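# Coordinate inspection notes
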Amino acid sequence: MSTSSRSMTRQILSLAVPAFGALIAEPLFLLADTAMIGRLGAPELAGVGLAAAIVQTVTGLLIFLAYSTTPAVARFLGAGQLGNALARGRDGIWLGLGLGAVIGVIGWYAAPLLEHVATDDAAPHAIAYMQYSMIGLPAMLAVLAATGVLRGLQDATTPLVVAGAGFGLNIAANYVLIYVLDLGVTGSAIGTSAIQWLMFAVYATILLPRMRHHGVGFAPTTTGLRATAQVGSWLLVRSASLRVAVLATVLTATSLGTEVLAAHQIVFNVYSTMAFALDALAIAAQALIGKELGASNVSAVRALTKTMIRWSVGFGVLTGILLGVGAFWLPHIFTTDPTVVAATTAGLIVLAVSQPLSGYVFVLDGILMGAGDAKYLGLIGIANIIVYLPALAGLAVLANQTTHIGAVAWVWVGFAGIYLAARALGLWLRIRRDTWIRVGAA
């Protein structure tokens, strides 16, 4: 391996490995928090499940606060304009605080509407969790943006440390609030909100001295807010298209019966878990591609693109083989129902075959985000849905005419086959030409 290849490998791993750790920190915390709430009773768990799904949907759609800030900061860094990089990051953080405040107020007053959705015994818990989670929403969104700032500055280790420490403290705080102070579901939401503000304070402590050192003011600029919002709006469209695809697939599985839905949920959880590693490479791509484009280093951009595509597809092949082997025993960890086990196995086999394609899609997403090609990602997201929904409807007809095993297989042929193939085609059409390569800080 040449010196340049070793250097590139180190750069990718220095961002991807900590990013992977930060990505898995949150679901591990949610698992622990769910276990604590579950001990309170089924109504509490059901109420939190409903409210948490809403909060996670909001934060999932607003992940653009990290994904738009990272490449913008990285571009300025690559161009040698660290002051402008920090200023753009500051504007992204202010945008997160502002959006969080507005959505938080709306969410607080809209929370009582959940009594029309949840069961009578779960509704009070859903409302309480929703309202007290809204207190921490501005900090939560600001943390997303601050994470993007540090990644853009080529530092993925600090977000890992902050996330790990924050979620560890969250578990301890929630235990005290839920059990010792007997605040139940309300205590869980208050603890999570408090820790989000603490994490934001840590990021502020890290970034404010750097800003002062480079003469960057504290107040946001209209230009910076507008630029971040413009890129973010297209990434919001992209994220919304992904949510629509996931929701449509779940609704299709629901229409096919309880066993099919149960098997689909298991397969989807496996898919989501494996996506963390691919997401980590995509995050590394955002930071590195943005930096090299800012430095007008086109040869490095091309080399990074080829390397990360090769890595992601290779990882997909490896995980596909492992998943294919594990498809026959993995379902037994989640269920004892023989019908669900068999149907899950069928879905996992389809997922295993699609893993190289999944790797290709994830990394190209990250590369084009790093290039600031948000508008194209938004438009192609809409196009993917236009292709996928009719195809899914057709597959649902076929699934209705077969067994539970065949039904799950057809559903996943749709999501992991047709939908991912449509995404891959759209991304390939963009990446094969150089129109996405725009150099300089702008």
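Just so you know, these numbers come straight off a predicted model, no measurement behind them. (Residues numbered from 1 in each chain as written. Predicted model: local features only at pLDDT ≥ 70, side-chain atom pairs only at ≥ 80, totals over all residues. Heavy atoms only, no water.)

### Re the overall build of the chain
Applicable threshold: Put simply, DSSP H or I for four residues or longer makes a helix, DSSP E for two residues or longer makes a strand, and each gets a number counted from the N terminus. In this description the radius of gyration comes from C-alpha coordinates, and the expected globular size is given by 2.2 Å times residues to the power 0.38. When accessible area is computed with a 1.4 Å probe and restricted to protein chains, residues below 20% of their type maximum are described as buried, those above 50% as exposed, and intermediate ones as partly exposed. Residue contacts follow a heavy-atom distance rule, with two residues in contact if any of their heavy atoms lie within 4.5 Å. Surface exposure here means Shrake-Rupley accessible area, sampled with a 1.4 Å probe, where a residue is shielded only by the protein chains that are shown. When charges are counted, neither His nor the chain ends are considered; positive counts come from Lys and Arg and negative counts from Asp and Glu. Charge positions are represented by NZ for Lys, CZ for Arg, CG for Asp and CD for Glu.
Helix and strand content of the chain: 16 helices and zero strands. In terms of overall dimensions, the chain is globule-like: its C-alpha atoms have a radius of gyration of 22 Å, near the 22 Å expected for 442 residues. The buried share of the chain, taken over its 442 residues, is 52%. Taking contacts inside the chain between residues at least 6 apart in sequence as the whole, the part at least 24 apart equals 84%. If you sum the accessible surface of the chain, you get close to 18500 Å²; carbon and sulfur atoms cover 69% of it. Across the chain, the mean location of the 22 positive side-chain charges is 21 Å away from that of the 16 negative side-chain charges.

### Topic: the pattern of salt bridges
Rules: We define a salt bridge as a side-chain nitrogen of Lys or Arg found within 4 Å of a carboxyl oxygen belonging to Asp or Glu.
Applying the stated criterion across every chain yields a total of six salt bridges. Close ionic contact of Arg430 with Asp373 constitutes a salt bridge, the shortest N to O distance being 2.6 Å. On the criterion of sequence distance, the pair formed by Arg430 in helix H16 (residues 404–431) and Asp373 in the loop between helix H14 (338–370) and helix H15 (374–400) is long-range, its members being 57 residues apart. There is no split in this pair, since Arg430 and Asp373 are both buried. For Arg438, the salt bridge goes to Asp373, with nearest N and O atoms at 3.7 Å. With Arg438 in the segment after H16 and Asp373 in the loop between H14 and H15, the pair connects residues that are 65 residues apart, well separated along the chain. With relative accessibility at 37%, the residue Arg438 sits in the partly exposed group.

### Examining the packing of helix H2 (residues 42–61) against helix H10 (residues 222–255)
The line we're drawing: Lines are fitted to the C-alpha atoms to define the axes, a helix being fitted only along its stretch in contact, and any angle between axes, read from their N-to-C directions, falls within 0 to 180 degrees. When describing relative orientation, an angle under 35 degrees is termed roughly parallel and one over 145 degrees roughly antiparallel, while 65 to 115 degrees is termed roughly perpendicular and anything else oblique. When residues are sorted by character, Ala, Val, Leu, Ile, Met, Phe, Trp, Tyr, Cys and Pro go into the nonpolar class, Asp, Glu, Lys and Arg into the charged class, and all the rest, Gly among them, into the polar class.
Their axes nearest at 9 Å, the elements H2 and H10 cross at an angle of 135 degrees. By the angle between their directions, the pair H2 and H10 is classed as oblique. Side by side, H2 and H10 meet where Gln56, Thr57, Gly60 and Leu61 of the first sit next to Leu236, Ser239, Ala240 and Arg243 of the second. The class makeup of the residues in the contact of H2 with H10 is three nonpolar, four polar and one charged.

### What to know about H2
Selection criterion: Here the expected length of a helix is defined as 1.5 Å per residue gap, with one fewer gap than residues.
The first and last C-alpha atoms of H2 sit 28 Å apart over 20 residues, in line with the 28 Å expected at 1.5 Å per residue. Listed as buried for H2 are Glu44, Gly47, Val48, Ala51, Ala52, Val55, Thr59 and Gly60.

### Some thoughts on the nonpolar core
In summary, soluble globular proteins display a tendency toward joint burial of nonpolar side chains. We apply this condition: Joining through side-chain atoms within 4.5 Å is the link that ties buried Ala, Val, Leu, Ile, Met, Phe, Trp, Tyr and Cys residues into a set, and such a set is a nonpolar core.
Counting 127 residues, the largest nonpolar core has Ile93, Ile367, Trp412 and Trp436 as its most contacted members. It is helix H11 (residues 258–294) that contributes the most residues to this core, 19 residues altogether.

### Some details on the packing of aromatic side chains
Stated formally: To pair, rings of Phe, Tyr and Trp, with the six-membered ring standing in for Trp, must have centres within 6.5 Å; the planes then decide the type, stacked if under 30 degrees apart, edge-to-face if over 60, and tilted in the middle. Whether a charge sits over a ring depends on NZ of Lys or CZ of Arg being within 6 Å of the ring centre and within 35 degrees of the ring normal.
Counted according to the given criterion, the structure contains 11 aromatic pairs. With a centroid separation of 5.4 Å and 75 degrees between ring planes, the pair formed by Trp94 and Phe218 is classed as edge-to-face. Pair noted here: Trp94 is in helix H5 (residues 82–110) and Phe218 is in the loop between helix H9 (184–213) and H10, with a separation of 124 residues, a long-range link. Here Trp94 falls in the partly exposed class, since its relative accessible area comes to 31%. Judged by its relative accessible area of 55%, Phe218 falls in the exposed class. Between the aromatic rings of Tyr175 and Tyr179, the centroid separation amounts to 5.1 Å while the plane-to-plane angle is 65 degrees, which identifies the pairing as edge-to-face. In this pair, Tyr175 and Tyr179 both sit in helix H8 (residues 157–180), four residues apart, roughly one turn of the helix. Every member of this aromatic cluster is reached through a ring pair, and the members are Phe268, Tyr271, Tyr388, Trp412, Phe415 and Tyr419. Stacked on the ring of Trp428, the Lys or Arg Arg432 has its end atom at 5.0 Å from the ring centre.

### Regarding unusual backbone geometry
In this structure, Gln154 is a non-glycine residue whose phi angle is positive, near 70 degrees. Assignment of secondary structure puts Gln154 in the loop between helix H7 (137–152) and H8. Gln154 gets classed as partly exposed once you look at its relative accessible area, which sits at 22%.

### Looking at the packing of helix H4 (residues 69–78) against H5
Operational definition: Crossing handedness is read from the near helix: turned anticlockwise from the far helix by less than a right angle, it gives a left-handed crossing, and turned clockwise, a right-handed one.
At a minimum axis distance of 7 Å, the contact between H4 and H5 shows a crossing angle of 165 degrees. Relative to H5, the element H4 is oriented roughly antiparallel. In this structure, H4 meets H5 at a crossing whose hand is right-handed. Every residue of H5 that contacts H4 at Thr69, Ala72, Val73, Phe76 and Leu77 is listed here: Leu82, Asn84, Ala85, Arg88, Gly89 and Gly92.

### Focus on a nonpolar patch on the surface
For the record, the criterion: Residues forming no salt bridge and having over 30% relative accessible area are the ones grouped into patches, like charges within 9 Å of each other and nonpolar side chains (Val, Leu, Ile, Met, Phe, Trp, Tyr) within 5 Å.
A cluster of nonpolar side chains, Tyr175, Val176, Val180, Leu181, Leu183 and Ile190, forms an exposed patch at the surface whose accessible area comes to about 520 Å². Ranked by the residues each element gives to the nonpolar patch, the list is headed by H8, at three residues.

### A closer look at the environment of Val353
Mapped onto the elements of the fold, Val353 is located in helix H14. Spatially, the C-alpha atoms of Val353 and Met211 are 48 Å apart, while their sequence positions differ by 142 residues.

### Observations regarding the side chain of Asn384
Topologically, Asn384 is positioned in helix H15. Once residues lying within four places of it in the same chain are set aside, the contact partners of Asn384 are Tyr419, Ala422 and Arg423.

### Here's the deal with the side chain of Asp91
Using the following cut-off: A 3.5 Å cut-off defines polar contacts: any pair of N or O atoms within that distance qualifies, except that in protein one atom must be a possible hydrogen donor and the other a possible acceptor, and neighbouring residues in sequence count only when both atoms are side-chain atoms.
Secondary-structure assignment places Asp91 in helix H5. The exposure class assigned to Asp91 is buried, which follows from its relative accessible area of 2%. Separated by 3.1 Å, the side chains of Asp91 and Arg90 make a polar contact. Leaving out residues up to four positions away in the same chain, Asp91 has contacts with Pro220, Thr221, Gly224 and Leu225.

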